Each structure stands twice: as structure tokens, then as C-alpha cells.
Amino acid sequence: MHKNEGFSSKLGFVLAAAGSAVGLGNIWRFPYLTAKYGGGIFLLTYLILVLTFGYALLIAENAIGRMTRKGPIGAFRELCAGKKSFLGSVRVGGWINAVVPLLILPYYCVIGGWVTKYVFAMMCNPVARFHKDAIESYAGLKMNASAAYFQNFITDPWQAVGFFLLFVVVIVAVAAFGVEKGVERFNKILMPILILLIIAICIYCMFLPNSGAGFRYYLMPDPSKFSYMTVVAAMGQLFFSLSIAMGIMITYGAYMRNEDNLVSSVNQVELFDTGVAFLAGLMIIPSVVAFGGEKAAEQAGVGLVFVTMPQVFASFPGGQFVGAAFFILVLFAAATSAISLLETNVHTISQELKISRAKAIVLNVCEVAVIGVVTILGYSLLSFVQPLNFISRYRGMDILGTLDFISNSVLMPIGAIMTTVLVVGVIGIERICREIRGQNKWYREFVFQFCMCVVVIPCLLIVLLNATGLIG
Ligand code: PHE
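Residues numbered from 1 in each chain as written. Predicted model: local features only at pLDDT ≥ 70, side-chain atom pairs only at ≥ 80, totals over all residues. Heavy atoms only, no water.

Here's the deal with the pairing of strand E1 (residues 135–138)
Residue alternation in E1 divides its side chains into a buried set, Glu 136 and Tyr 138, and an unburied set, Ile 135 and Ser 137. Where E1 folds back on strand E2 (residues 141–144), the antiparallel hairpin that results is connected by 2 residues, among which Ala 139 adopts a positive phi of roughly 50°. (Buried < 20%, exposed > 50% of the residue type's maximum accessible area, 1.4 Å probe, protein only. Helix = DSSP H or I, 4+ residues; strand = E, 2+ residues; numbered from the N terminus. Pairing = 2+ DSSP bridges.)

Focus on the environment of Pro 72
Within the secondary structure, Pro 72 sits in helix H4 (residues 72–80). Pro 72 gets classed as buried once you look at its relative accessible area, which sits at 4%. Distance in space between the C-alpha atoms of Pro 72 and Gly 162 is 33 Å, their sequence separation being 90 residues. Once residues lying within four places of it in the same chain are set aside, the contact partners of Pro 72 are Gly 94, Asn 97, Gly 247, Ile 250 and Thr 251. (Contact = heavy atoms within 4.5 Å.)

Details of the pattern of salt bridges
Tallied over the full model, the rule gives 13 salt bridges. Two residues, Lys 132 and Asp 133, come together in a salt bridge whose shortest N-O distance is 3.6 Å. Accessibility expressed as a relative area gives 33% for Lys 132, which makes it partly exposed. (Salt bridge = Lys/Arg side-chain N within 4 Å of Asp/Glu carboxyl O.)

Points about the site of the ligand
Around the ligand, the structure places 15 residues, and the nearest of them are Ala 21, Gly 25, Tyr 108, Phe 240 and Met 246. Separating an oxygen atom of the ligand from a side-chain N or O atom of Tyr 108 is a distance of 2.7 Å. In this structure, Phe 240 approaches the ligand through a main-chain N or O atom, which is 2.8 Å from a nitrogen atom. Alone, the ligand offers 310 Å² of accessible surface; in the complex the protein occludes 100% of this. Mapping the ligand onto the cavity grids shows that it belongs to the largest cavity. Of all the secondary-structure elements, those providing two or more residues to the shell around the ligand are helix H1 (10–21), helix H2 (24–36), helix H11 (228–242) and helix H15 (319–352). When its residues are assigned to classes, the shell around the ligand shows 7 nonpolar, 8 polar and no charged. (Near = heavy atom within 4 Å. Polar contact = N/O pair within 3.5 Å; in protein donor to acceptor, adjacent residues only side chain to side chain. Areas by Shrake-Rupley, 256 points an atom, 1.4 Å probe, with all protein chains shown as cover. 1 Å grid on protein atoms, 1.4 Å probe; cavity = no way out; pocket = protein on both sides within 12 Å on 5 of 7 lines; lining within 4 Å. Sits in = over half its atoms within 2 Å of the grid points. Nonpolar A, V, L, I, M, F, W, Y, C, P; charged D, E, K, R; others polar.)

A word on the state of the cysteines
Between two cysteines, a covalent bond joining their sulfur atoms is known as a disulfide. Going through the model one piece at a time under the given rule, you end up with 0 disulfides. We note that Cys 205 lacks a disulfide partner, and the nearest cysteine sulfur, in Cys 202, lies 6.5 Å from it. When its relative accessible area of 0% is taken as the criterion, Cys 205 is described as buried. (Disulfide = S-S within 2.5 Å.)

A look at the layout of surface pockets
In this approach, a probe sized like a water molecule rolls over the atoms, and the result shows the empty space that is left. Roughly 550 Å³ of internal volume is contained in the second largest pocket. Taken together, 26 residues form the lining of the second largest pocket, with Tyr 32, Lys 36, Tyr 37, Met 397 and Gly 401 sitting closest to its centre. Broken down by secondary-structure element, the contributors of at least two residues to the lining of the second largest pocket are H2, H11 and helix H17 (399–427). At 6 residues, H17 tops the list of elements feeding residues into the lining of the second largest pocket. Taken together, the residues that form the lining of the second largest pocket break down as 13 nonpolar, 7 polar and 6 charged. (Points joined across faces, edges and corners; volume = space filled by probe spheres on them.)

Some remarks on the environment of Glu 78
Tracing the sequence through the fold places Glu 78 in helix H4. Relative accessible area serves as the criterion here: at 38%, Glu 78 is assigned to the partly exposed category. Distance in space between the C-alpha atoms of Glu 78 and Thr 68 is 7.5 Å, their sequence separation being 10 residues. What Glu 78 contacts, discounting residues up to four positions off in sequence, is Thr 68 and Lys 70. Side-chain polar atoms of Glu 78 contact the side chain of Lys 70, separated by 2.6 Å.

What follows is the structure, given as C-alpha cells:
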């Protein structure tokens, strides 16, 4: 990392961090998980976790970066230097943090390709094609047209690979031309438009017939729907959405100026990210319930946004235009996040293999292309590949689901445990609090200390054991 690289202002940091945090996680992943894991009870669990766990880890990672001015591997290495035995081995945590984005980026680009396809789908088809009552066939079966359209697309290897590559080319082009000027400026304009559009669609959804049941499903927690899996899924989502446990926030902390207020910057990122996810849920879940009942919500999967949103657009005049605008903005949110993943990978690869930035980009792109194509074929030629079939709970999980599960529910908790051990055992809670507090007031210092010292490790261990099928 060069000395003179860095954010020029606090706003620069907040925007870059929010641009990385707000992405497909908020608009694609959060709504389908919420629908699947019981609506309100998932939302409540998620909010509690963000305000405690997520907050503590987010701020800790930024502080680690700012203290060491290094990326994850370097930061862990520096802080653990000279420590013996167990504490010395905590440096492995840096590697775990660095591996996760290498696993996420390929399938993130697969979904990015789906979004790209839907930009065209909205522009090139009469939107009535996606009407909730329209019927089309998929694999000889008659089904809802919007669902069939989605299935036909993801199971067609040529199309899916084509749109995936298009997405990859675009983000690589941006990364190659440098991120600062373009992406940051775009972020400033497009993020507010995305939010306004989501709010407008939410308001429209309030007036759909039957939407009341959907709002109840989303906003009223039903304790009978609570299970271990609610927590496991919410925890994985939290890591994914806040971009934590993968080195990104450590790297961004390293770019931050010493005089900027860490506490308030992190608060803003947290608020922004959670706010967008909440609104996305408010937009999508009532519509699913209105169109298909609670059953449809509980059967939701990765296709939810792609199946339900076109139905919503087909149900009002001018929906075609709104639909195209919506997917363009989602595409943009996805691209900013994908670029931050690519940046982190390129940084790690070039530092650790001591190669140039250009070579590191090429290497990363090759990795993304190979894993991405295999992931896509998981819906067609390779649909028999279900790597986790030996665990009964995950039988039938496809390749994308498996990558998502391993990174979010297994590796990220391990990475987060390592970060916590680093904070409490190696850096020391007093020292990190001083770094974070600086000259400012810090109201949630107690929450931070309590989470770091008492809550995080036992909870993550339980989550981990449960996710791997060892308990629960
Ligand atoms: N947080 C991003 C999202 O919600 C995804 C992401 C993960 C981006 C990790 C960067 C790093 O979509």
C-alpha cells in the first residue's frame, strides 16, 4: 500500500465502504433469506445481530486496518509477530480473511450476470410476458411465466455464461482504469436514485391487493418459526452484507485518515447497509405473499428477486420502464461491490506473490472464470454435482449454494473468531478502544467490549458447529 494512497475525506471513506457494503447482498440475498426463514422472526434476529455482533466486528476491522495500515494478511502478521504458540498461530486468520473474497467473487459475478440479463429482459420483452397469471413452459412443465423464464435462462449454459462474462468484462474494465474517480462519483449519484426507486416501489406494493398479509409476514415476528437455522442464516447474511470477515474493511481502515472519526463513519455505513436491506425486503416480501401466499415465500430461493420483481412490474402501467431502471441500478450496486471484491483480491495476490497489479488482475479473472463457469453449469450439465450431499440437511444443494454456504456460514465465522482473538488476546481490548475512541464520544463502547470479550466467540462456535451439522 503506498503512503499517499487513501481517502481524502470522511465522506470518501463512508461512500467507498457503503458502495462495497450495499450490493446484491441487500437486494438479492436478504429478501430471499427473510422470506425463506420465517419473515419477521428472521428480520428481528438479523437486526439484533447487526446492532451488536456486526457492529463490533465492523468497527474492530476498521480499527485493525487503521492501526497497521495494512491489508488482512499483513495486519495479522504484524500484530502477531513475536507472539508464541497459540497467539502466534492466530496469524492464519489473515489468510482466512483473504481467501473468502476469492470464493465469493466468482458466484457474485454469476448473479451479476443474471442481473445483466434482466436489464435486457426488461427492455426487450413486453413486460406483460411476466404477468403473474401468464403461463409458460419449462422443461415441458407449464408454470408461472416469470418463474419459467428464469429457469429457462439459468439452465441455458450459453446464455448464462455469456451474461456472466459480460459482467466480468465490465468490472475488470473499471478496475483497470482505476476506481477512485469514476466509481465514487457514480456512487454519489446512483445510490440515492436506487434508494428513491426502492421507496417508490415499496409504496406501490402497499396498495397491492392482499399486501397486508405480506407486511404482517415481514414485520411481525412469529416465534414458532424460530430455529437454529434462523441464526446461522442471519449470521452468514450479516457477514456478507456488511462485507466483514473478508479483509475488505481492514483494507479500507488502512486507507482512512487518522483524524477522521471512526465511530461515526462506521455508524453511517451500518445504517446505510441495513436500511437498504430493510427497504428491499419491504419491497419484495409483501409482493411475494400477495402473489403466491406465505407458502410461496417459504419456498423462496435464489431466484426470488428475478421471479417476483418482474411480476410486480408487469402489474402496473409504465412498469416496463421502472423495471429496466430498477435492474440497471441493481446492476450498478452489484458492480461497485464486485469491484471492491476484485480490488481486495488483486491487492492480496500482488502482495503475496510479489507480482504486478496487472498480472494479479489476470490471475484473479482466470480464477473467477473457471469457478464461475462451473457454478453456472451446476444448473445444467453439472446439475448432478451436489458437493454437500453427505450432510443430510444440505442434500440437493447446488454449486452456487455450496460456495455461498461454505464462505458465509463456515469460513467467515472462523475468520471472525480469529479477528476476535486478535483483538482480545493480541492487541488488547483497552488499546483497540483507545484507537477507536480517539478524541470522540463513543456511546456503544460497552456493547463493543461486551460483544468482543463475552458474546462473539461462544456464539460463533455454536453457529459453526450447527452449520457443519455437528450439533442441532
Ligand atoms: N456486501 C456486499 C453485498 O451486500 C457483497 C460484498 C461482499 C462486497 C464482500 C464486497 C465484499 O452485496
